[in-house]
Amino acid sequence: MYLGLDLGTSELKAVLLDERHAIVGVAHAPLVLEHPRPLWAEQHPQQWWQALEQVMDRLHSEHPQALARLQAVGLAGQMHGAVTLDARGEVIRPAILWNDGRSADECVELMRRVPPLPALTGNLAMPGFTAPKLLWMQRHEPAQFDRVAHVLLPKDWLRWKLCGQRVSDMSDASGTLWLDTARRDWCDALLAATGLSRAHMPALVEGSQISATVLPAWCDRWGLPRGVRVAGGAGDNAASAVGMGVVRAGQGFVSLGSSGVVFLCTAGFAPRPERAVHAFCHALPRQWHQMAVMLSAASALTWAARVLGYASEAEALREAAALEPARAQRAPLFLPYLNGERSPHNDPHAQGVWFGLTASHTRADLIYAVAEGVAFGLRDGWLTLDRPEADAPACLSLVGGGSRSLWWAQLLADVLGVELQLHEGGHTGAALGAARLAWLSVGASVSDVCQTPPVRQVVRPDSIRSADVMDRHARFVQLCAQVRAQWAAQAPAKT
């Protein structure tokens, strides 16, 4: 039995997996995201631990025999978050998260201090990454920065609580801007540029290697065998890839989660920072991937459904799906940049827009525009990836909460022009991948563990609908180009 724990932004999810690839148990615990100031996004790590206690208590109650046979644990989680600890291991301040945009000036400064940063890391300096957050602390919270003894990523703080060891993995560490991504090691020059050294950093292991063991007290509380091992794990998207069997060059997936991701395995380290593409280590040794990221995907639909008075996102999508094609063609356009944007714009000041409103439009038209706008944003990311013909994927897996809507999946296939496959258990992607990394850490082979889950649905692009949405996508791109000069002018004042 193998346990995967996925620390997301809105919930912590646990999955119990057996050696027949069957999911034996699932548990969830909600999380609350705080926005104390414009552009800020924070969570207190103690909330994560309380969520972990909830899911483990539930699994212990419902599946005690499965936990008693547990071989290993894998961790996945939201990337880039900065958890700062003092010399006693106490949390200094709430964690600054992946969708926090306060450190734009620090990104400019970091690029000035280390000009080779894009070549070393495979990425541009963006506010979502971890290193600019520490530079921001150094400038704006110097007393707190002076107390920093250790910096951990969110899932690695949970590892420290579970195991008493400070360890990270290559995929998650790739999102800090402190990693020499080709060499898979911390970069001293990048650490020094933010006032840190290797002494502040966790040890590094591959995602499929053993990192530590669960402390005896937690084993006893939840009925685990003593000495249960914990794999290195992965950042959420690399873990999702492992969960979907996306582990070879040319394979890829699209994630319709809170953020949106287009993920593509590459034959080697293939940086493309000029297009705001991320090049990261994969969760498996000697493997890398590219990734285009949009900051507001399913979360944009959640926001729109709430402000438009829908009882749920599902109700909103049902109304959008019921629109006649001709009416959908007259819907407003929506720019889905509610929290700034990464690929391809790299602009923390990017903002959302509903354009083309008339008195004849209804809330269903607005919801349609949001779902379509998210699909257009993902297409823009898809077009930034390096896809030589030899490695061009014939299809992409579709994961994330938004994949539950077959209508939205069809719209996305039409917009991307690529066949999408929905898999059994696709909604558990990162937690399933974490469980698989746990399985690998105790000696199983990649070919046995990283299988593609059964396909439950294939969604193929419709040529007629694709032609219709491509016309709207062209206008979407033009609108974005015309309004982006206003983003910085409209941005919230700095505090």
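Residues numbered from 1 in each chain as written. Predicted model: local features only at pLDDT ≥ 70, side-chain atom pairs only at ≥ 80, totals over all residues. Heavy atoms only, no water.

Draft legend 1. Seen up close, the side chain of Ser441. Looking at where Ser441 falls in the secondary structure, it is placed in helix H17 (residues 429-441). The residues touching Ser441, leaving out its near neighbours within four places in the chain, are Ala72, Ser208, Gln209, Ile210 and Ala231. (Helix = DSSP H or I, 4+ residues; strand = E, 2+ residues; numbered from the N terminus. Contact = heavy atoms within 4.5 Å.)

Draft legend 2. Highlighting the packing of aromatic side chains. For the coordinates displayed, the defined rule picks out 14 aromatic pairs. Centroid distance Tyr2 to Trp439: 5.3 Å. Interplanar angle 10 degrees. Geometry classified as stacked. Highlighted residues: Tyr2 in strand E1 (residues 2-7) and Trp439 in helix H17, separated in sequence by 437 residues. In this pair, the class of Tyr2 matches that of Trp439, namely buried. Summarising the aromatic geometry, the rings of Trp48 and Trp157 are spaced 6.1 Å apart at their centres and angled 70 degrees between planes, so their arrangement reads as edge-to-face. In this pair, Trp48 sits in helix H1 (residues 45-62) while Trp157 sits in helix H7 (residues 154-163), placing the two residues 109 residues apart along the sequence. Trp157 matches Trp48 in its accessibility class, with the two residues each being buried. Within the aromatic cluster, the residues linked to one another by ring pairs are Trp49, Trp218 and Trp222. When the ring centre of Trp40 is taken as reference, the NZ or CZ atom of Arg102 above it lies at 3.5 Å. (Phe/Tyr/Trp six-rings, centres within 6.5 Å; stacked < 30°, edge-to-face > 60°. Buried < 20%, exposed > 50% of the residue type's maximum accessible area, 1.4 Å probe, protein only. Lys NZ or Arg CZ within 6 Å of the ring centre and 35° of its normal.)

Draft legend 3. The arrangement of the pattern of salt bridges in detail. Counted according to the given criterion, the structure contains 34 salt bridges. Residue Lys155 is joined to Asp156 by a salt bridge in which the shortest nitrogen-to-oxygen separation is 2.7 Å. The buried category is assigned to Asp156, whose relative accessible area is 0%. Counted as one network, the salt bridges with shared partners bring together Glu42, Arg93, Asp100, Arg102 and Glu141. (Salt bridge = Lys/Arg side-chain N within 4 Å of Asp/Glu carboxyl O.)

Draft legend 4. Quick peek at H1. With 18 residues, H1 ought to run about 26 Å at 1.5 Å a step, and its terminal C-alpha atoms sit 26 Å apart, in line with that. Among the residues making up H1, those that are buried are Pro45, Gln47, Trp48, Trp49, Ala51, Leu52, Glu53, Val55, Met56 and Leu59. (Expected span 1.5 Å × (residues − 1).)

Draft legend 5. Layout of unusual backbone geometry. Across the junction of Ser343 and Pro344, the peptide omega takes the value 0 degrees, indicating a cis bond. For Leu39, which is not a glycine, the phi torsion comes out positive at approximately 75 degrees. If you trace the backbone, Leu39 turns up in the loop between strand E3 (23-30) and strand E4 (42-43). With phi around 75 degrees, His80 is a residue other than glycine that occupies positive phi space. Positionally, His80 belongs in the loop between strand E5 (72-77) and strand E6 (83-85). The exposure class of His80 is buried, given its relative accessible area of 4%.

Draft legend 6. Looking closely at the nonpolar core. Ranked by size, the top nonpolar core spans 90 residues in total, and within it Leu5, Met56 and Trp178 carry the most contacts. The dominant element in this core, judged by the number of residues it contributes, is H1, at seven residues. Leu5 has contacts with Leu12, Lys13, Ala14, Leu52, Val55, Met56, Val73, Gly74, Leu75, Ala76, Leu162 and Ala434, leaving out every residue within four places of it along the chain. In terms of nonpolar packing, the next biggest core, distinct from the first, is built from 55 residues, Ala297, Ala305, Tyr337 and Leu479 among them. (Core = buried A, V, L, I, M, F, W, Y, C linked by side-chain atoms within 4.5 Å.)

Draft legend 7. Highlighting the environment of Val26. Relative to the assigned elements, Val26 resides in strand E3. Along the primary structure Val26 and Arg183 are separated by 157 residues, whereas in three dimensions their C-alpha atoms are 36 Å apart. Beyond its immediate chain neighbours, meaning those up to four positions away, Val26 contacts Lys13, Ala14, Val15, Arg58 and Leu59.

Draft legend 8. The arrangement of helix H16 (residues 406-416) in detail. Of all eleven residues in H16, eight are buried, a share of seventy percent or more. The set of residues buried in H16 consists of Trp408, Ala409, Leu411, Leu412, Ala413, Asp414, Val415 and Leu416. Trailing H16 by a residue or two, Gly417 shows a phi angle of about 70 degrees, which is positive.

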